Number of protein chains: 2
Amino acid sequence: MAFHSSVLLKSKKIQKNRKVSKFSTSDYNYKTEYFTQKVDHFGFVNQDTYQQRYLIADQYWDPNGGPIFLYTGNEGDITLFCNNTGFMWDIAPEFKAMLIFAEHRYYGTSIPYGQTAFKDPKKMNFLTSEQALADYAVLIKHIKSSIPGSSQSKVIAFGGSYGGMLAAWFRMKYPNVVQGSLAASAPIWTFRKEADCDAFDRTVTGTFRKSSSACVDNIKALWKTLNTTASQASGLSKLSEIFHLCKPLKSADDVTTLKNWIVSALVYLAMVDYPYPSKFLAPLPAWPVKETCRPISTPLNGDNLIIGTAKAMNVFYNYTGSTSCFDIGSGDIPNLGISGWDYQSCTEMVAPSCSNGKTDMFEKSAWDFKEYTNGCLKNWKVKPDINWIETQYWGKNLSAASNIIFSNGLLDPWSSGGVLKSQSDSVVAILIPNGAHHLDLRGSNKADPADVVSARNQEKKYIATWLKSP
Amino acid sequence: MAFHSSVLLKSKKIQKNRKVSKFSTSDYNYKTEYFTQKVDHFGFVNQDTYQQRYLIADQYWDPNGGPIFLYTGNEGDITLFCNNTGFMWDIAPEFKAMLIFAEHRYYGTSIPYGQTAFKDPKKMNFLTSEQALADYAVLIKHIKSSIPGSSQSKVIAFGGSYGGMLAAWFRMKYPNVVQGSLAASAPIWTFRKEADCDAFDRTVTGTFRKSSSACVDNIKALWKTLNTTASQASGLSKLSEIFHLCKPLKSADDVTTLKNWIVSALVYLAMVDYPYPSKFLAPLPAWPVKETCRPISTPLNGDNLIIGTAKAMNVFYNYTGSTSCFDIGSGDIPNLGISGWDYQSCTEMVAPSCSNGKTDMFEKSAWDFKEYTNGCLKNWKVKPDINWIETQYWGKNLSAASNIIFSNGLLDPWSSGGVLKSQSDSVVAILIPNGAHHLDLRGSNKADPADVVSARNQEKKYIATWLKSP
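Now for a look at the structure at hand. Please read these numbers as outputs of a predicted model, since none were measured by experiment.

1. Structural notes on the pattern of salt bridges
- This model, assessed by the stated rule, comprises 26 salt bridges over all chains.
- Here Glu94(B) ties to Lys460(B) by a salt bridge, and the two come within 3.1 Å at their closest N and O atoms. Highlighted residues: Glu94(B) in helix H3 (residues 86–95) and Lys460(B) in helix H16 (residues 450–468), separated in sequence by 366 residues.
- In this structure, Arg105(B) engages Asp135(B) in a salt bridge whose closest nitrogen and oxygen atoms are separated by 2.7 Å. On the criterion of sequence distance, the pair formed by Arg105(B) in the loop between strand E4 (98–102) and helix H4 (121–124) and Asp135(B) in helix H5 (residues 129–146) is long-range, its members being 30 residues apart.
- Judged by its relative accessible area of 0%, Asp135(B) falls in the buried class.
- Shared partners join several salt bridges into a network, and the residues in it are Arg53(A), Asp77(A) and Glu103(A).

2. So, the packing of aromatic side chains
- According to the stated counting rule, one finds 55 aromatic pairs over all chains in the structure shown.
- Ring geometry for Tyr106(A) versus Phe118(A): centroids 6.5 Å apart, planes at 80 degrees, classification edge-to-face. Of this pair, Tyr106(A) sits in the loop between strand E4 (98–102) and helix H4 (121–124) while Phe118(A) sits in the loop between E4 and H4, placing them 12 residues apart in sequence.
- Classification of Phe118(A) as buried rests on a relative accessible area of 16%.
- Aromatic pair Tyr462(B) and Trp466(B): ring centres 6.5 Å apart, planes at 35 degrees, arrangement tilted. A residue pair is termed a helical-turn pair when its members lie 3 or 4 positions apart in one helix, as Tyr462(B) and Trp466(B) do in helix H16 at 4 residues.
- Looking at Tyr462(B), the relative accessible area reads 27%, which means it is partly exposed.
- The cationic tip of Lys173(A) hangs over the ring face of Tyr174(B); the distance from NZ or CZ to the ring centre is 4.1 Å.

3. Looking at the state of the cysteines
- Counted by the stated rule, this structure contains 8 disulfides over all chains.
- Two residues share a disulfide in this structure: Cys197(A) and Cys354(A), whose sulfurs sit 2.0 Å from each other. The sign of the 85 degrees torsion about the S-S bond sets the Cys197(A)-Cys354(A) disulfide as right-handed. Taken together, the residues span a long stretch of sequence, with Cys197(A) in the loop between strand E6 (180–184) and helix H7 (199–211) and Cys354(A) in the loop between helix H13 (338–345) and helix H14 (369–380) at a distance of 157 residues.
- The partner cysteine of Cys215(B) in its disulfide is Cys293(B), sulfur to sulfur 2.0 Å.

4. Some words on the interface of chain B and chain A
- Between chain B and chain A, the residue contacts involve 39 residues of the former and 39 residues of the latter.
- Summed over both sides, the interface between chain B and chain A buries roughly 3,200 Å², with carbon and sulfur atoms accounting for 60% of that surface.
- When the area that chain B buries against chain A is broken down by residue, the three leading residues are Phe42(B), Phe44(B) and Val45(B), summing to 22%.
- Linking chain B with chain A are 2 salt bridges, by the criterion used here.
- The residue Asp385(A) makes a salt bridge to Lys38(B) at a minimum N-O spacing of 2.9 Å.
- Linking chain B with chain A are 16 residue pairs in polar contact (both at pLDDT 80 or more).
- Where the side of chain B that touches chain A is concerned, the elements lending two or more residues are H4, H5, helix H6 (162–173) and helix H15 (388–392) of chain B.
- Top contributing element to the side of chain B that touches chain A by residue count: H5(B), with 6 residues.
- Its residues placed into classes, the side of chain B that touches chain A shows 15 nonpolar, 12 polar and 12 charged.

5. Considering unusual backbone geometry
- You will see that Trp287(A), though not glycine, has its phi angle at about 40 degrees, which is positive.
- Relative to the helices and strands, Trp287(A) is located in the loop between helix H10 (252–271) and helix H11 (288–293).
- Take Trp287(A): its relative accessible area is 31%, and that puts it in the partly exposed class.
- Residue Asn403(B) is not a glycine yet carries a positive backbone phi of 55 degrees.

Conventions we followed
Residues numbered from 1 in each chain as written. Chains lettered and ligands numbered in written order. Predicted model: local features only at pLDDT ≥ 70, side-chain atom pairs only at ≥ 80, totals over all residues. Heavy atoms only, no water. Salt bridge = Lys/Arg side-chain N within 4 Å of Asp/Glu carboxyl O. Helix = DSSP H or I, 4+ residues; strand = E, 2+ residues; numbered from the N terminus. Buried < 20%, exposed > 50% of the residue type's maximum accessible area, 1.4 Å probe, protein only. Phe/Tyr/Trp six-rings, centres within 6.5 Å; stacked < 30°, edge-to-face > 60°. Lys NZ or Arg CZ within 6 Å of the ring centre and 35° of its normal. Disulfide = S-S within 2.5 Å. Contact = heavy atoms within 4.5 Å. Buried area = accessible area lost by both parts, 1.4 Å probe. Polar contact = N/O pair within 3.5 Å; in protein donor to acceptor, adjacent residues only side chain to side chain. Nonpolar A, V, L, I, M, F, W, Y, C, P; charged D, E, K, R; others polar.

The values reported here are purely geometric and, on their own, carry no functional implication.
Quick look at the structure:
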């Protein structure tokens, strides 16, 4: 499974044509603002600017220096993260904090040069994590100089996934601007040349095994079964029918697309294996991995295995029951910026990815950086640099960092690239064995397992300590 | 005196046409190497490279993990800094250290796009401190991966003046690459909007007052006397004759040029007021401020004041006695990159500068950022950003920094923008009351005052501690 390359955005190959829909409702009350940012913080020739969107909520804020809680936006529409980061809303009254959710450049509505940028590699040049962090630093300076009472406010950064990486890096590179950071499910060590490329898939597999080991065995056997069926007479139409595909399979490539579609669901399911119904990446029941495994939790083979898998896929792709057929060539997750992340994964954010088919349940697949590079040159005319992130963001040497919490849910496959051990007294790891992808950032829920409740309490304590220190 | 804008390169107006000569001899034994660097570390569209020069000396190095001492090159030919940083050479045997002197991009021979770059603002876009720091980080990674025995070597950065700022910032931004930094005479707090714009000139004045208070009073009176003389019949030719000018003064502008030429000498003299003969910025006697003041150390006025000043100028501009007349429109300091620094001071490195004529000995002159900006737009088509450096390099909030020594000679006018108080146990200030501009970085000399000897001993102790820590 060497094709995935993103954090929230797995399986880029199959999600390229996904529609972007508007997130329309919110339980939370905020204002939407825009700030004029330089397109290029690291050079002076390009003096273009763009409008960065940010959401601001000051109803809980103590204007006599109450803190600022900043969400460092990641690869998508900032309203998505605002609405799925209930933890910040839950604790704002207690800390009398102002909330700011800052959109990442080239996502949502904060796109330098507008949508045409995605068709012109030159205009994409300013989509980097460094530029995004500079945006956040400059935005905070603007807030502090323009909102009365905030000039001495301490800032705490919050982020999940890539946004968590940004929160951690923000503290590392701009500790003058941010007092401390909660980096939830931030796989900062995935984006390294030396990363263990099959760790991700091994973790997905582990999360499924926790629900049912027969389920894992079935999935392991599935790929060969699909190949066998596909190679039989009428095999393709049989598969098309069983899986309720809108367009019948016609070639071996289409079978690969089908497999990727299945893999993508499995990966996402492990990421969002939350203890209650949620709709972060898709509308899903509580503990969706268990639900997915239900039809394939006894030993199956042949057609039964295929039929069982098709039923299982309904959990991720059709939990609302509104889909009559599946378009496996398009994606299903609104509000995430596919093109932007594809560009980032072709430049700085290179995550070596592979599977071995033994310790994981996927087809064997090698990490081929050369092929990866060729794809990037073709699509974006850029060459990925697999060494840069480690140089720029300190790799495994975090001894000079301070005031960062790295929290990881161990059900989450991205935990494989996370910081799972405390690095010092003030760079601490919090583990959530029953948590999926940044569960701790979500709003409190009566179905929350004890470990995430405890994690949030620890996080609050660290934040309180940081706010008290000079 | 609002026209100066640089660290080593004061008085840019009068030094624009300075010849660049080759530094040909060295007391030190090193090899010259080149490394292929990306022109743009912060974007992926421009895939151009350039050859970065560095000097390397491994004769003292313990190839079983001995440390690397890196000089983070500043605005000039790296051989100049190599030959004037004897401290690194002096202590290398004791620490069994490898020495590397890395040239700063756009200076010396390390010029992306070659000399034509200086005529094309677009090609200058990659001259920033951020790009230079990235060069140093990538270079060290290259050294460690290519020189057997160095992969675990700890790195200590050294730098003076702007190079000292880079050494400090290098530790702040890349502590994964560098274990600690000696930032000598690094005026990091001069490049701030809030900087006290007349502090520099006040410090120059203080250094002269230490030699002779009559000298200061004379210089204070000089400017009006020059104006009065210039406005008299034959006044311009009288001044031209007294000052031995190659081209006679013809206008009020020429008189301004003459004043700037005098101011420039005074400023440089305070910077290099070393206790023994030196030739860092010019060939000079020991304690050159005292020597300069000698002809004007009794109360003078009228022609006597002018004649005395002309004699005084001989110390800085003609100590070798080889000059028969002075070309006040050109400069005299070889190996510094005027165009490069002029660009940097028009982008990131904005040092508010003024004089009040009361607490300093110069003509009153206001800081006019608008005029400054217009000059930059005219010369380079760029607009300076006076806020950026403070955001990027933490301003006065160094609480998250570690392992940095800020040393300052108090005779040095740049000490006015330096870190003169320890910020924590590991971000420490060392003061050298009888030291000029980074005297501590120079090789040991029997004329060294006790305070610089003590400073170097403290510096060695800190370095030893950093090297011992994990």
